[in-house]
Amino acid sequence: MDNRKLLKFFKSYLIITVGVFLYCFSWVAFIIPKGISGGGVTGISSIVFYGTGIPISVTYFVINILLLVSGTIILGKGFGAKTVYSIVCASIMFELLPQIDWIVNLSDIPDKFLNSIIGGTISAFGISAIFIQGGSTGGTDIIAIVIAKYRDKSPGKVFMYCDLVIIGSIIFLPGKGLQDVVYGYIQMVSFSFMLDFLLTGSKQSVQILVFSDKYDKVADMLIYEMNRGVTAISSVGWYSKKEGKLLVVVARKYQLSAIASAIKEVDNKAFISVSSAMSVYGEGFEQVKSKPRKDKKSLSLRNFIEDK
């Protein structure tokens with residue numbers, strides 16, 4: 001292994017370690033001290049802790065080892081190695097961090113609502129750092145990455161579906177009620193929202209409509225200088241009855257400012273309309289991960305024609 005690969009290897013595991021720390025820190029400092037539950041294996045472990053007193057580190061480690069076997073088979077040994085490291089690291093931190101008084105007593109905010117939001121947000125930062133490096137803290141993390149590998153489902157939504165049942169189960173513990181479930185859901189929503197924002201924020205796309213008398217110059221500039229694809233659609237300004245071309249451009253959201261500025265340099269009177277694009281598939285954007293569905297009616301018709 002050369003120096004560059006070695007440096008990349010250590011950098012990856014360092015980022016994973018920091019991500020695991022942030023994740024565990026959020027639970028130990030903001031969530032567990034307030035008796036709040038969350039989702040995933042950590043949520044299950046917290047519920048077991050509230051009900052039986054069994055340390056979270058023990059339950060977390062045992063459940064994840066069982067889930068890790070299936071995750072390694074599906075996702076490969078490389079992913080499994082990073083996941084094993086994350087699980088062991090998290091188990092150790094869940095054991096050590098509660099013994100540090102200033103961390104446990106860090107949040108002196110009595111409001112469980114704020115603690116739920118802060119805890120969910122910080123844990124999302126930790127999980128996103130782990131995800132970006134191809135790792136996982138196990139549990140529903142593995143489920144989310146497996147589904148994301150084969151289907152166009154955002155990790156945040158996968159977490160949400162799994163966590164609804166896990167968090168709701170806290171209502172069966174003595175001394176817990178509907179209010180505790182609500183706080184758990186608040187933590188879940190803040191976590192899911194922030195996770196999606198961190199993981200897919202840079203992939204958000206916009207559709208830009210450009211109305212300009214200098215459409216030909218604008219289109220050439222976008223293609224040859226901005227390296228953006230442009231579609232020209234025939235249009236008529238109904239007030240002026242003047243024919244022209246409507247330019248349609250699809251780009252990443254972070255590219256919008258540069259594109260708009262470039263258009264204004266060519267034609268400062270250009271009218272620009274921007275709308276969000278939920279999903280964009282094709283060259284330069286996302287690829288469809290689902291398998292094409294066979295239309296039985298089309299196959300039957302084709303077979304009928306071939307038989308004739």
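Residues numbered from 1 in each chain as written. Predicted model: local features only at pLDDT ≥ 70, side-chain atom pairs only at ≥ 80, totals over all residues. Heavy atoms only, no water.

**Student:** How should I be thinking about the overall build of the protein chain in this particular structure?
**Tutor:** Looking only at helices and strands, the protein chain has twelve helices and four strands in total. Of all 308 residues assigned to the protein chain, the portion counted as buried reaches 40%. Across the protein chain, contacts joining residues at least 24 apart in sequence account for 70% of those joining residues at least 6 apart. Entry remark: accessible area of the protein chain is about 18200 Å², with carbon and sulfur atoms responsible for 63%. (Helix = DSSP H or I, 4+ residues; strand = E, 2+ residues; numbered from the N terminus. Buried < 20%, exposed > 50% of the residue type's maximum accessible area, 1.4 Å probe, protein only. Contact = heavy atoms within 4.5 Å. Areas by Shrake-Rupley, 256 points an atom, 1.4 Å probe, with all protein chains shown as cover.)

**Student:** Please clarify how the state of the cysteines should be interpreted in this entry.
**Tutor:** What makes a disulfide is a covalent bond joining the sulfur atoms belonging to two cysteines. Counted under the stated rule, the structure contains zero disulfides. Looking at Cys24, it has no disulfide partner, and the nearest cysteine sulfur is the one in Cys89, 7.1 Å off. Judged by relative accessible area, which is 0%, Cys24 ranks as buried. (Disulfide = S-S within 2.5 Å.)

**Student:** Just checking my understanding: could you explain the side chain of Ser86 for this structure?
**Tutor:** Mapped onto the elements, Ser86 comes out in helix α4 (residues 77–96). Looking at Ser86, the relative accessible area reads 0%, which means it is buried. Sequence-distant contacts of Ser86, that is, excluding residues within four places in its chain, are made with Ile16, Val20, Ile130, Ser136 and Thr137.

**Student:** Where do I start with unusual backbone geometry in this structure?
**Tutor:** Negative phi is the rule for most residues except glycine; trans is the rule for most peptide bonds. With a phi angle near 55°, Asn227 is a residue other than glycine that sits in the positive phi range. Along the polypeptide, Asn227 turns up in the loop between α10 (215–224) and β2 (231–237). The phi angle at Lys241 is positive, at roughly 55°, despite the residue not being glycine. Within the secondary structure, Lys241 is located in the loop between β2 and β3 (242–252).

**Student:** Where do I start with the sheet that holds β3 in this structure?
**Tutor:** Sheet strands pair via backbone hydrogen bonds, and the direction of the pair is either parallel or antiparallel. Read across the open sheet, the four strands follow the order β2-β3-β1-β4; overall the sheet is antiparallel. A strand with exactly one partner marks an edge of an open sheet, and here the two such strands are β2 and β4 (271–277). For this sheet, the mean angle separating the axes of adjacent strands, direction not counted, is 25°. Two elements, strand β1 (residues 205–211) and β3, share seven bridges in a ladder whose sense is antiparallel. For Val206, the partnering residue across the bridge sits in β3 and is Ala251. Against the sheet, helix α11 (residues 256–266) touches β1, β3 and β4, its axis set at about 165° to β4. (Pairing = 2+ DSSP bridges. Axes fitted to C-alpha atoms, helices over the stretch in contact; angles between N-to-C directions.)

**Student:** Help me out: how do you make sense of the nonpolar core in this one?
**Tutor:** Side chains of a nonpolar character, in soluble globular proteins, are inclined to be buried together. Counting 34 residues, the largest nonpolar core has Val20, Cys24, Phe94 and Ile127 as its most contacted members. Only α1 (3–31), α3 (56–75), α4, α6 (112–132) and α9 (178–200) provide two or more residues apiece to this core. The element best represented in this core is α1, accounting for ten residues. If you look at the next biggest cluster of nonpolar residues, it comprises 14 residues, including Val206, Met221, Ala262 and Ile263. (Core = buried A, V, L, I, M, F, W, Y, C linked by side-chain atoms within 4.5 Å.)

**Student:** Got a minute to help me understand the packing of α1 against α6 in this structure?
**Tutor:** For any two helices packed against each other, the geometry is given by the interaxial angle and the distance between the axes. Their axes nearest at 7 Å, the elements α1 and α6 cross at an angle of 165°. Looking at the two axes, α1 sits roughly antiparallel to α6. Once α1 is placed against α6, the crossing between them reads as left-handed. Taken together, the residues of α6 that come into contact with α1 (itself represented by Ile15, Ile16, Gly19, Val20, Leu22, Tyr23, Phe25, Ser26, Phe30 and Ile31) are Asn115, Ile118, Gly119, Ile122, Ser123, Phe125, Gly126, Ile127, Ala129 and Ile130. Within the contact of α1 with α6, the residues separate by chemical class into 14 nonpolar, six polar and no charged. (Parallel < 35°, antiparallel > 145°, perpendicular 65-115°, else oblique. Left-handed = near helix turned anticlockwise from the far one by under 90°. Nonpolar A, V, L, I, M, F, W, Y, C, P; charged D, E, K, R; others polar.)

**Student:** Please clarify how the packing of aromatic side chains should be interpreted in this entry.
**Tutor:** Here the distance between the centres and the angle between the planes together describe a pair of aromatic rings. Applying the stated rule across the entire model yields ten aromatic pairs. Here the aromatic rings of Phe9 and Tyr13 are separated by 4.8 Å at their centres, their planes lie at 45°, and the arrangement is tilted. Here Phe9 and its partner Tyr13 are both found in helix α1, four residues apart, which amounts to about one turn of the helix. Taking the ring centre of Tyr50 as reference, the NZ or CZ of Lys176 above it sits at 4.8 Å. Sitting over the face of the ring of Trp238, Lys241 holds its NZ or CZ atom 4.7 Å from the ring centroid. (Phe/Tyr/Trp six-rings, centres within 6.5 Å; stacked < 30°, edge-to-face > 60°. Lys NZ or Arg CZ within 6 Å of the ring centre and 35° of its normal.)

**Student:** Looking at this structure, I do not really get the pattern of salt bridges. What am I missing?
**Tutor:** Think of it this way: side chains of opposite charge can pair up when their charged atoms draw near. Applying the stated rule across the entire model yields three salt bridges. Two residues, Asp180 and Lys112, come together in a salt bridge whose shortest N-O distance is 3.5 Å. Highlighted residues: Asp180 in helix α9 and Lys112 in helix α6, separated in sequence by 68 residues. A residue is classified by how much of its surface remains accessible, and Lys112, at 24% relative accessible area, is partly exposed. A salt bridge links Asp180 to Lys176, with the shortest nitrogen-to-oxygen separation between them at 3.9 Å. If you follow the salt bridges from partner to partner, you end up with Lys112, Lys176 and Asp180 in one network. (Salt bridge = Lys/Arg side-chain N within 4 Å of Asp/Glu carboxyl O.)

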